[in-house]
Amino acid sequence: MRPFSALPTGDRSAAAQTYLETVSRHPRTAELRDLALEALPLTEGESVLEVGCGLGEMARRLARRTGPGGRVTAVDHDPAMVAAARQRDDSCPGAAGVDYGVEDVCRLSFASGEFDIVWCERVLQHVPDPGQAVQEMCRVTAPGGRVCVLDVDWRSLRVDGVGQEIAAPVLESFASIVPGPDVAGRVPGLIAAAGFEQVRSREFTATFASLAEAKPIIPLFDRASPLAAQHGDGSLETWFDLLDAADARDELAISLSTWITIGTRPSTTD
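This section reports on the structure supplied with the text. (Residues numbered from 1 in each chain as written. Predicted model: local features only at pLDDT ≥ 70, side-chain atom pairs only at ≥ 80, totals over all residues. Heavy atoms only, no water.)

By the secondary structure assignment, D153 is in strand β5 (residues 141-160). Despite being buried, D153 has no salt bridge partner; R155 is the closest side chain of opposite charge, sitting 6.2 Å away. There is a polar contact of 3.1 Å between the side chain of D153 and the backbone nitrogen of R155. If sequence neighbours within four positions are ignored, D153 has contacts with P181, D182, A184, L256, S257 and W259. (Helix = DSSP H or I, 4+ residues; strand = E, 2+ residues; numbered from the N terminus. Buried < 20%, exposed > 50% of the residue type's maximum accessible area, 1.4 Å probe, protein only. Lys, Arg positive; Asp, Glu negative; His and termini not counted. Salt bridge = Lys/Arg side-chain N within 4 Å of Asp/Glu carboxyl O. Polar contact = N/O pair within 3.5 Å; in protein donor to acceptor, adjacent residues only side chain to side chain. Contact = heavy atoms within 4.5 Å.)

Structure (structure tokens):
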């Protein structure tokens, strides 16, 4: 989630990088990625494209999986993010090198069938035309290759411990920050429409029993987040007061679903 568009450009980039770094270290993110890699799977020597690489931590993990004979390309639409990913690159012997670049997911510059694996994590929710993005990712996937998409269903976000008459409008307002808050549920159909087969999805529901657990990964629960600063009229003060009270009573329960969807491009037959 990148709810920083209302900030000045410099602040926006810094806030987004801080947020992505925090999310990448969260135990729920590690669980999600482990599940996706288990379902994929990925073998040594394969070529991988990561679309929307952020700070590149997943690209470097994929590079370690593919080994020195593999190839990993990591792209993002934001040049500042790509520069930050390059600076953080800690590639080690025995891993594929990572090539970083700036790309638009809806107009990828790569040749058709160039990659064995295309990995896309928490990107499609931000794309105005996710169908075109999926078509492009599928286009650059080699015959027999796989596309793996991880995305959040923000409409699944549930909060118990705060009255629903308060929670419902806040959650709806939060979900509307991105163009596709519920795109995760549409991904299987989009991949199938691109001609892929063996399309399968798995829901991963992250649960949080306190604000301390939730706020690093869901900005809506962090009073200090730039998200709160965007609501200068103080409309969120009641929300945060109620969250704090429920948290203090140990009555807070939060859940959010992310979907892992994998599809395979049919092998060509002559």
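Once that is clear, we can look at the side chain of S255. Mapped onto the fold, S255 is located in strand β7 (residues 253-264). Not counting the four nearest positions on each side in its chain, S255 is found in contact with S156, L157, R158, T205, A206 and T207.

One key point about sheets: their strands pair by backbone hydrogen bonds, in either a parallel or an antiparallel sense. As summarised here, the arrangement of the seven strands in space is β3-β2-β1-β4-β5-β7-β6, forming an open sheet in which the pairing is mixed. Of all the strands in the sheet, the pair left with one neighbour each is β3 (98-102) and β6 (197-208). The average undirected angle you get between the axes of adjacent strands in this sheet is 15°. The pairing of strand β2 (residues 71-76) with β3 spans five bridges and is parallel. Across the sheet, residue V75 finds its bridge partner in β3, namely G101. The strands touched by helix α4 (residues 79-88) are β2 and β3; relative to β3, the strand with the most contacts, the crossing angle is about 165°. (Pairing = 2+ DSSP bridges. Axes fitted to C-alpha atoms, helices over the stretch in contact; angles between N-to-C directions.)

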